[in-house]
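Take a look at the letters that make up each chain.
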Amino acid sequence: MLKGKHIILGITGGIAAYKAAMLARLLVKAGAEVQPIMTPSAREFITPLTLSTLTGKPVITEFFTANTGEWHSHVDLGLWADAMVIAPATACTLAKMACGVADNMLVTTYLSARCPVFAAPAMDLDMWAHPTTARNIAALKGDGVAIIEPAAGELASHLTGKGRMEEPEKIAATLADYFRKGTQLSGKKVLITAGPTHEMIDPVRFIGNYSSGKMGFALAEECAARGAEVVLVTGPVALKSNSDRIRRVDVVSACDMLAACEKEFEDCDMAILCAAVADYRPEVKADKKLKREGREELDLRLVRNPDIAATLGAKKGDRLLVGFALETDSEHENALRKIKNKNLDWIVLNSLRDPEAGFGKDTNKVTILSASGKEEAFPAKSKREVAADIIDSVFGKGIN
Ligand code: C5P
């Protein structure tokens, strides 16, 4: 999977830098072209000569080569790369990446890179456990950086705990897995609904809910990263999508969302219905802003909205249909009932009782259940990681 891939190997100043030589060797052996970029302090731990010999490329550290005056373009490097992996990633470099402190070639290239970025942190256990590091890691995950979690074991300080850089074999396997997944959904068209719906009362007021759209957008990014063509039908949200494989269709109400979904569903292979659709809408929308003068009370008559999931479920044929259930009680029974009533293949259950799950959060904690009786509960993760778990559950890990 790595043959011919352009990989930037970023090396920062930690004792695990010696393992970067092995990682470079593994990537080159697997057929990748590897461009090492070292921070100045990384050169104290391992010589550039080792990396340039293993990769066949001159190591870049500075913006300019002092004796020749040659300028190294971080922009060109960022465009050249199919993936960037920073191993080891020190607490300092992770902090700079999280804040955009582009004072060296490595972080500058990170900011220019359009490709996926992987970081394999390595540090002492207390540094890893520090809330600052946790904050930076959460920010980087939110920015789409794939963190290759450090392992637990004996550390350079002779203390024992979490902080060892993951072994080069595992880092290389993570990259290979990424490229394999990059084609997992190619040729497939996926419809995703996201966000809330707004049901207009008058031109300035609506019935809505707290859905931010983050889970649906994370699913769209994940499917696109795996090669799918994605149609993202979204209610009003303040989010942007980054992939050119995502076509966004903005809608406001449940009825608009249904119309867009019915049109797009025709040539889809799969739909993931993540939107928090309003159950009811005002029977009539006032043309003008409703005035309170002369009115002590106001009756709003509501009528049922269509169930988009059930409508698509009724005509799904051999398409895959994945729904969500956000419950406050009797979670399991309700989720299983929805699988049946809406003719879903899978349902993703999250409970409002979990502090890590729910509207507006960056994390979610889900249990994924299938119509055929499979069930898997996951710990709290970033919404992008949850999206990966959902796609892995439905399609299997890395299977084409
Ligand atoms: O019945 P409930 O609203 O809990 O079902 C949740 C699932 O059904 C979600 O996948 C949601 O996107 C979908 N749904 C829908 N249209 C509705 C209501 C819910 O597609 N009107």
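Note that this is a predicted model, so its numbers are computed, not measured.

Novice: Looking at this structure, I do not really get the sheet that holds strand β4 (residues 117–121). What am I missing?
Specialist: Within a beta sheet, neighbouring strands are joined by backbone hydrogen bonds and run either parallel or antiparallel to one another. Pairing within the open sheet is parallel, and its 5 strands lie in the order β2-β1-β3-β4-β5. Two strands bound the open sheet, and with one partner strand each, they are β2 (33–38) and β5 (146–147).

Novice: Honestly, the packing of helix α5 (residues 91–99) against helix α8 (residues 131–142) in this entry has me stumped. Any pointers?
Specialist: Two quantities define a packed helix pair, namely the angle between the helix axes and the distance between the axes. Look at α5 against α8: their axes get within 9 Å of each other, and the N-to-C directions meet at 50°. Taken together, the axis directions place α5 and α8 in an arrangement best described as oblique. In terms of crossing hand, the pair formed by α5 and α8 is left-handed. Where α5 approaches α8, its residues L94, A95, M97 and A98 are matched on the opposing element by N136, I137, A139 and L140. The class makeup of the residues in the contact of α5 with α8 is 7 nonpolar, 1 polar and no charged.

Novice: Help me out: how do you make sense of the side chain of D202 in this one?
Specialist: Looking at where D202 falls in the secondary structure, it is placed in strand β9 (residues 199–202). At 2.9 Å, the side chain of D202 forms a polar contact with the backbone nitrogen of V204. Discounting residues that sit within four places of it in the chain, D202 has contacts with K285, A286, K288, K289 and L290.

Novice: Is there a simple way to think about the site of the ligand in this case?
Specialist: Lining the immediate environment of the ligand, one finds L273, C274, A275, V277, P306, D307, I308, A309, G323, F324, K338 and K342. Here P306 contributes a backbone N or O atom positioned 2.8 Å from a nitrogen atom of the ligand. A distance of 2.9 Å is found between an oxygen atom of the ligand and a backbone nitrogen or oxygen belonging to A309. Relative to its free-state accessible area of 440 Å², the ligand is covered by the protein chains to the extent of 84%. Mapped onto the shell around the ligand, the elements with two or more residues apiece are α12 (308–314), β16 (320–327) and α13 (331–342). When its residues are assigned to classes, the shell around the ligand shows 8 nonpolar, 1 polar and 3 charged.

Novice: Teacher, can you tell me more about the sheet that holds strand β8 (residues 189–194) here?
Specialist: Within the open sheet, the 8 strands sit side by side as β12-β11-β8-β13-β16-β17-β19-β20. Their pairing is mixed. Of all the strands in the sheet, just β12 (246–250) and β20 (375–377) have a single pairing partner and so form its edges. Strand-to-strand twist across the sheet, computed as the mean angle between neighbouring axes with direction ignored, equals 15°. Bridging between strand β17 (residues 346–351) and strand β19 (residues 366–370) involves 5 bridges; their strand directions are antiparallel. Bridged to V348 within β19 is I368. Docked against the sheet, helix α10 (residues 214–225) engages β8, β11 (229–234), β12, β13 (270–273) and β16, running at close to 165° with respect to β8.

Novice: Quick question: what am I supposed to make of the packing of aromatic side chains here?
Specialist: Aromatic rings in a pair are described by how distant their centres are and how their planes are angled relative to each other. Within this structure, the stated rule accounts for 2 aromatic pairs. Here Y178 and F179 contribute two aromatic rings whose centre-to-centre distance is 4.9 Å and whose plane-to-plane angle is 65°, an arrangement assigned as edge-to-face. The class of Y178 is partly exposed, set by a relative accessible area of 23%. Taking the relative accessible area as the measure of exposure, F179 reaches 10% and is therefore buried.

Novice: Teacher, can you tell me more about the pairing of strand β6 (residues 151–154) here?
Specialist: The side chains of a regular strand alternate between the sheet's two faces. Bridging between β6 and strand β7 (residues 160–164) involves 4 bridges; their strand directions are antiparallel. Paired with E154 across the bridge in β7 is T160. If you look at the hairpin formed by β6 and β7, you'll find 5 residues sitting between the two strands, and H158 has a positive phi there, around 75°.

Novice: I'm lost on the domain arrangement of the protein in this one. Help?
Specialist: The extent of an interface is frequently quoted as the accessible surface area lost upon association of the parts. Considered domain by domain, the protein is made up of domain 1 (6–181) and domain 2 (189–395). Inter-centroid distance (C-alpha atoms) of domain 1 to domain 2 is 37 Å.

Novice: How do you make sense of helix α3 (residues 48–55) when you look at a structure like this?
Specialist: Since the α-helix packs 3.6 residues into each turn, any two residues three or four apart lie on the same face. Within α3, the full set of buried residues consists of P48, L51 and T55. When α3 is viewed along its axis, its buried side chains cluster within an angular range of 70° and face the same direction. The exposed residues of α3 that point more than 90 degrees off its buried face are L49 and T53. Its buried side turned inward, α3 meets β1 (6–11), α1 (17–29), β2 and α2 (42–45). G56 occupies a position one or two residues after α3 and carries a positive phi of about 70°.

Novice: Got a minute to help me understand unusual backbone geometry in this structure?
Specialist: A negative phi angle characterises most non-glycine residues, just as the trans form characterises most peptide bonds. With an omega dihedral of 0°, the bond running from A87 to P88 counts as a cis peptide bond. You can see P88 is positioned in strand β3 (residues 83–89). Positive phi, normally seen in glycine, also occurs at H158, with a value near 75°. Here H158 is to be found in the loop between β6 and β7. Judged by relative accessible area, which is 63%, H158 ranks as exposed. Even without being a glycine, S330 presents a positive backbone phi close to 40°. On the secondary structure map, S330 appears in the loop between β16 and α13. Relative accessible area serves as the criterion here: at 35%, S330 is assigned to the partly exposed category.

About the thresholds
Residues numbered from 1 in each chain as written. Predicted model: local features only at pLDDT ≥ 70, side-chain atom pairs only at ≥ 80, totals over all residues. Heavy atoms only, no water. Pairing = 2+ DSSP bridges. Helix = DSSP H or I, 4+ residues; strand = E, 2+ residues; numbered from the N terminus. Axes fitted to C-alpha atoms, helices over the stretch in contact; angles between N-to-C directions. Parallel < 35°, antiparallel > 145°, perpendicular 65-115°, else oblique. Left-handed = near helix turned anticlockwise from the far one by under 90°. Contact = heavy atoms within 4.5 Å. Nonpolar A, V, L, I, M, F, W, Y, C, P; charged D, E, K, R; others polar. Polar contact = N/O pair within 3.5 Å; in protein donor to acceptor, adjacent residues only side chain to side chain. Near = heavy atom within 4 Å. Areas by Shrake-Rupley, 256 points an atom, 1.4 Å probe, with all protein chains shown as cover. Phe/Tyr/Trp six-rings, centres within 6.5 Å; stacked < 30°, edge-to-face > 60°. Buried < 20%, exposed > 50% of the residue type's maximum accessible area, 1.4 Å probe, protein only. Domains from an automatic or database assignment. Arc of directions from axis to C-beta.

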